[in-house]
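# Tertiary structure, described
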Amino acid sequence: MRRGANRHAALWICLQWPQCREDIMSPLTMEKATHYELRLAERMSRLGTETAFEVLNKARALERQGKDIVHLEIGEPDFDTPKNIVEAGVTAMRGGWTHYGPSAGLPDLRQAIAEEVSRSRGVPVSSDEVVVVPGGKPIIFFSLLALAGQGDEVIYPNPGFPIYESMTHYLGAKAVPIRLHEDRDFSLDVDELAALITDRTRLIILNSPQNPTGGMLSRKDIRDIAEAIGDRNIMVLSDEIYCRLIFDGEHYSIMSLPGFKERTILLDGFSKTYAMTGWRMGYGVMRPDLATHITRLMTNSNSCTASFTQMAGVEAIRGDQSSVEHMRTEFQRRRDVFVAGLNRIKGFSCRMPRGAFYVFPNITRTGWQSKKLADALLEQAGVACLSGTSFGAYGEGYLRFSIANSLENLNKALERIDQWTKKNL
Ligand SMILES: Cc1ncc(COP(=O)(O)O)c(C=O)c1O
């Protein structure tokens, strides 16, 4: 499969958009605009971000100055979307699938997802329990919007995908971190989880395989978590977007446990499994009464997910799956090389991630703080990666590398980091 050579270029164009807009604004319009103070809603001050995009921006600026950078910051597959899926999308566009569709998604796609989830999670799911949305992220946003109000508590993994914390804060709910422990292979301590659950807990977010650590929740972990929740009326948002990218062990969903189907919102999608990040398509599986409300949020925001994209989604699920296995084995090969390489570098120690496409080494023995080290590696060694603190306070002491890059570039990054540490540590 050919690698997606232009993916960073496309991202870069989006990131440059504010600058382009400034270029085309007449001086008169700009001057006028400054007469009016920008009065943002108070909640905007609570909105966080995903640092990966900022680091990419910085790396591109260095490239413009002539520096050579190895990009290990962005979390998206470096493969092109498989041909059969692209063809299905093009055929759909040509066939007139260019209009609004139902807010919850096209019936054919919802049915395909229901069958796939029933098979893979071992629980019967019907199409009215599926809501298709533009990416996995809207399921996070909509679940929080629907379930967490002012003062409600949301327990989320830390280090973890930063959007959980950001959106919880934004909505005025209380974000309660549950720490992931390196010595537990980045799983959580169930006793700690049990101690965090209160009468105000409305939602517990789980993510396995996990971004940024590559850790996974075992069958036993999931059973213990379910036991800690007991029969409390608490919903679980189970983010399973990396469930097809597993190297060691098996995927297990809390949705499969008795009594949890009606308390789980399963998040999955196409971005990572089928290298479809730019198509914007994901889905949530949940009880039908909640699906109705999440669908209302879709009607109020996006109207629907693009119809031709959804037609491509039907092909992704029902068509040939060999590309998924090809990507998975390629990521595994890179993981093995990159982790072994990091473990040879002074001050770095790295566990073997079991899924997803991230590597999360412990760098405490370098004596450097994560953010400072990530900045130095970018500016002085030409390797773009993320500080562990981009994923929450418990990410201090770690860096995150995305291995969505060629083996050649991964080896180049290892060599550069090694040289840099020899000079500076
Ligand atoms: C854990 C996790 N959940 C959700 C998403 C969102 O995926 P999408 O690009 O489909 O919105 C990501 C993307 O990086 C992720 O890492």
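Residues numbered from 1 in each chain as written. Predicted model: local features only at pLDDT ≥ 70, side-chain atom pairs only at ≥ 80, totals over all residues. Heavy atoms only, no water.

### Quick word on the site of the ligand
- In the vicinity of the ligand there are 13 residues, among which Asp239, Tyr242, Ser271, Lys272 and Arg280 approach most closely.
- Within the side chain of Asn211, a nitrogen or oxygen atom sits 2.8 Å from an oxygen atom of the ligand.
- In this structure, an oxygen atom belonging to the ligand sits 2.8 Å away from a side-chain N or O atom of Arg280.
- Contact with the protein chains hides 94% of the accessible area of the ligand, taken as 390 Å² for the molecule alone.
- When grouped by side-chain class, the residues that make up the shell around the ligand number four nonpolar, five polar and four charged. (Near = heavy atom within 4 Å. Polar contact = N/O pair within 3.5 Å; in protein donor to acceptor, adjacent residues only side chain to side chain. Areas by Shrake-Rupley, 256 points an atom, 1.4 Å probe, with all protein chains shown as cover. Nonpolar A, V, L, I, M, F, W, Y, C, P; charged D, E, K, R; others polar.)

### Re the confidence of the model for the chain
- Residues of the chain with pLDDT of at least 70 account for 92%, and the chain-wide mean is 93.
- When the criterion is pLDDT under 50, residues 1-6 qualifies, and its contacts beyond four places in sequence or with other chains add up to 15 contacts.
- Confidence drops under pLDDT 50 across residues 8-29; counting only partners more than four residues distant or on other chains, this segment forms 18 contacts. (pLDDT = per-residue confidence, 0-100. Contact = heavy atoms within 4.5 Å.)

### Quick notes on the sheet that holds strand E2 (residues 130-133)
- One open sheet accounts for eight strands, arranged E2-E9-E8-E7-E6-E3-E4-E5; its pairing is mixed. Looking along the sheet, the strands with just one partner apiece sit at the ends: E2 and strand E5 (187-188).
- Where strand E8 (residues 264-269) lies against strand E9 (residues 282-285), four bridges are found, and the strand directions are antiparallel. The residue bridging Asp268 from the neighbouring strand is Tyr283, located in E9. (Pairing = 2+ DSSP bridges. Helix = DSSP H or I, 4+ residues; strand = E, 2+ residues; numbered from the N terminus.)

### Topic: the nonpolar core
- Among the nonpolar cores identified, the biggest contains 67 residues, and Phe338, Leu342, Phe348, Leu377, Leu399 and Phe401 are the most heavily contacted of them.
- Element by element, the count of residues in this core is highest for helix H14 (residues 407-424), at six residues.
- Filtering out sequence-adjacent residues up to four positions away, Leu342 remains in contact with Phe348, Cys350, Val359, Pro361, Phe401, Leu414 and Ile417.
- Ala112, Tyr283, Val314 and Ala316 belong to the second largest nonpolar core, which has 23 residues in total. (Core = buried A, V, L, I, M, F, W, Y, C linked by side-chain atoms within 4.5 Å. Buried < 20%, exposed > 50% of the residue type's maximum accessible area, 1.4 Å probe, protein only.)

### Some details on helix H9 (residues 219-229)
- All of the buried residues in H9 are Asp221, Ile222, Ile225, Ala226, Ala228 and Ile229. Around the axis of H9, the buried residues are gathered within 160 degrees of arc, so they sit on the same side. Those residues of H9 that are exposed and angled more than 90 degrees off the buried face are Lys220 and Glu227.
- Of the surrounding elements, those touching the buried residues of H9 are E5, helix H8 (190-196), strand E6 (201-207) and strand E7 (235-239). (Arc of directions from axis to C-beta.)

### Regarding the pattern of salt bridges
- Enumeration over the complete set of coordinates arrives at 28 salt bridges.
- The salt bridge involving Lys137 is made with Glu50; its shortest N-O contact spans 2.5 Å. Here the residue Lys137 occupies a position in helix H6 (residues 137-147), and Glu50 occupies one in the loop between helix H2 (27-33) and helix H3 (51-64), the gap between them amounting to 87 residues.
- Here Glu50 falls in the buried class, since its relative accessible area comes to 17%.
- The partner of Arg416 in a salt bridge is Asp68, and the shortest N-O contact between them spans 2.4 Å. With Arg416 in helix H14 and Asp68 in the loop between H3 and strand E1 (70-71), this residue pair connects regions lying 348 residues apart in the sequence. (Salt bridge = Lys/Arg side-chain N within 4 Å of Asp/Glu carboxyl O.)

### A word on the packing of aromatic side chains
- Per the counting criterion, the structure on display carries 14 aromatic pairs.
- With 5.6 Å between their ring centres and 85 degrees between their planes, Tyr242 and Tyr358 make a pair best called edge-to-face. Linking Tyr242 in the loop between E7 and E8 with Tyr358 in strand E10 (residues 358-359), this pair joins segments that are 116 residues apart in sequence. Grouping residues by exposure puts Tyr242 and Tyr358 together as buried.
- Ring geometry for Phe270 and Tyr283: centres 6.0 Å apart, planes at 70 degrees, overall edge-to-face. (Phe/Tyr/Trp six-rings, centres within 6.5 Å; stacked < 30°, edge-to-face > 60°.)

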